[in-house]
Amino acid sequence: MKMSKKLMVLPGKKPKLDRRDPAATPGAEGKQAAVELVEKHTKRMAALQYLLYAESKRAVLIVIQAMDAGGKDGVIRHVMTGLNPQGCKVTSFKVPSAEEMRHDFLWRVHKVVPAAGEVGIFNRSHYEDVLVVRVHKLVSKDVWSARYRQINAFEEMLAQNNVTILKFFLHISRGEQKKRLIERLDDPTKQWKISDADFSERRYWNDYMAAYEDALSQCSTPWAPWYVIPADHKRFRDLAVSQIIVETMEGLDMKFPKPSADLEKIRTTLVNSV
């Protein structure tokens, strides 16, 4: 069975996160095998990105969500390493600016959706507007609950305009998160990443899990599926994400465009030139 089938949240179904083991490694055959497969997938992704750019008919949007220390940066660093930066852009969504607050919540998202021929990666995304705003009661339930429908309509519109959407929830355990946060405290090269919020947000773990349950079940659609990635083991996390991206891009049936120039004429000119 394809990795995408194993880890997809079926449309209309609850993901039941409490029954999904964050330490699971379905189909993996050991750490070294995982490392080798990730390397193979990153090379294949580079070739598929080149084909995507050459064809220039569609775009690929990759959405990555996780709890703090869930591995968002790690996935981008290890899995996307082979992509050509000229055709790939990573966008991180922070607290909305004053200008962004004067628009609808999808305004800042739509303007950074990748163009045809490009890959876009969202480090956090529009889903923060049904997660953190819900947990911290920044807007009323009437407001955030209406956003599921608005997000689905937005993503369907993108899909109808040839944007292929993959959404990954990196599912770590609370114990693994604690371990990683402590490692940051002890590592001088990672201490700069620490904020008070990383630790204070742990108090809301159960609230976030409930919010993720609803977001994943309400917004996993045929045109923009969610994948729950067991992420306690970093090597498997990278393997699963890279394999699903490759499976999806290979399924797009992309083709190189036919040359617009007369190749034989150019060949003859070159052969006969000095």
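Here, every reference points to the structure presented above.
Notes on the structure follow. Predicted model, so just to flag it, every value in this text is computed and none were measured.

### Looking at the overall build of the chain
Alright, step 1. Along the chain, the regular secondary structure elements total 12 helices and 5 strands.
Alright, step 2. In terms of C-alpha radius of gyration, the chain reaches 21 Å, essentially the compact-globule figure of 19 Å for 274 residues.
Alright, step 3. Based on the C-alpha atoms only, the size of the chain along its principal axes is roughly 75 × 45 × 40 Å.
Alright, step 4. Going through the 274 residues of the chain one by one, you find that 47% of them count as buried.
Alright, step 5. Sequence separation of 24 or more characterises 82% of the internal contacts of the chain that already satisfy a separation of 6 or more.

### A short note on the sheet that holds strand β5 (residues 226-230)
Across a sheet, paired strands are connected by hydrogen bonds in the backbone, their directions being either parallel or antiparallel.
Alright, step 1. Here we have 5 strands laid out as an open sheet, ordered β2-β3-β1-β4-β5, and parallel in their pairing. Only two strands of the sheet have a single partner each, and these edge strands are β2 (88-92) and β5. Here the average twist between neighbouring strands, direction ignored, is 20°.
Alright, step 2. As paired elements, strand β4 (residues 163-171) and β5 share 5 bridges and run parallel to each other. Directly across from Phe 168, in β5, lies its bridge partner Tyr 227.

### Thoughts on the pattern of salt bridges
Opposite charge on two side chains makes pairing possible when the charged atoms of those side chains draw close.
Alright, step 1. With the rule as written, the count across this model stands at 14 salt bridges.
Alright, step 2. Across the salt bridge formed by Glu 55 and Arg 58, the nearest N and O atoms sit 2.9 Å from each other.
Alright, step 3. With a closest N to O distance of 2.8 Å, Asp 214 and Arg 134 form a salt bridge. Of the two residues, Asp 214 sits in helix α10 (residues 205-219) while Arg 134 sits in helix α6 (residues 132-135), which places them 80 residues apart along the sequence.
Alright, step 4. Residue class for Arg 134 comes out buried when judged on its relative accessible area of 18%.
Alright, step 5. Residues joined by salt bridges that share partners form a network here, namely Lys 14, Arg 134 and Asp 214.

### Thoughts on helix α8 (residues 174-186)
Alright, step 1. Taking 1.5 Å of rise per residue, 13 residues should cover 18 Å, and α8 covers 19 Å from first to last C-alpha, within 8% of that figure.
Alright, step 2. Elements in contact with the buried residues of α8: α9 (196-200), α10 and α11 (234-250).

### Digging into the side chain of Gln 177
Alright, step 1. Relative to the helices and strands, Gln 177 is located in helix α8.
Alright, step 2. Sequence-distant contacts of Gln 177, that is, excluding residues within four places in its chain, are made with Met 67, Asp 68, Ala 69, Ile 172, Arg 202 and Trp 205.

### Focus: unusual backbone geometry
Alright, step 1. Of note in the backbone geometry, Ala 69 takes a positive phi value of approximately 70° without being a glycine.
Alright, step 2. Locating Ala 69 in the fold gives a position in the loop between β1 (59-66) and α3 (72-79).
Alright, step 3. Take Ala 69: its relative accessible area is 10%, and that puts it in the buried class.
Alright, step 4. The phi dihedral of Asp 253 is positive, around 55°, even though this residue is not glycine.

Scoring rules and cut-offs
Residues numbered from 1 in each chain as written. Predicted model: local features only at pLDDT ≥ 70, side-chain atom pairs only at ≥ 80, totals over all residues. Heavy atoms only, no water. Helix = DSSP H or I, 4+ residues; strand = E, 2+ residues; numbered from the N terminus. Rg over C-alpha atoms; globule rule 2.2 N^0.38 Å. Buried < 20%, exposed > 50% of the residue type's maximum accessible area, 1.4 Å probe, protein only. Contact = heavy atoms within 4.5 Å. Pairing = 2+ DSSP bridges. Axes fitted to C-alpha atoms, helices over the stretch in contact; angles between N-to-C directions. Salt bridge = Lys/Arg side-chain N within 4 Å of Asp/Glu carboxyl O. Expected span 1.5 Å × (residues − 1).

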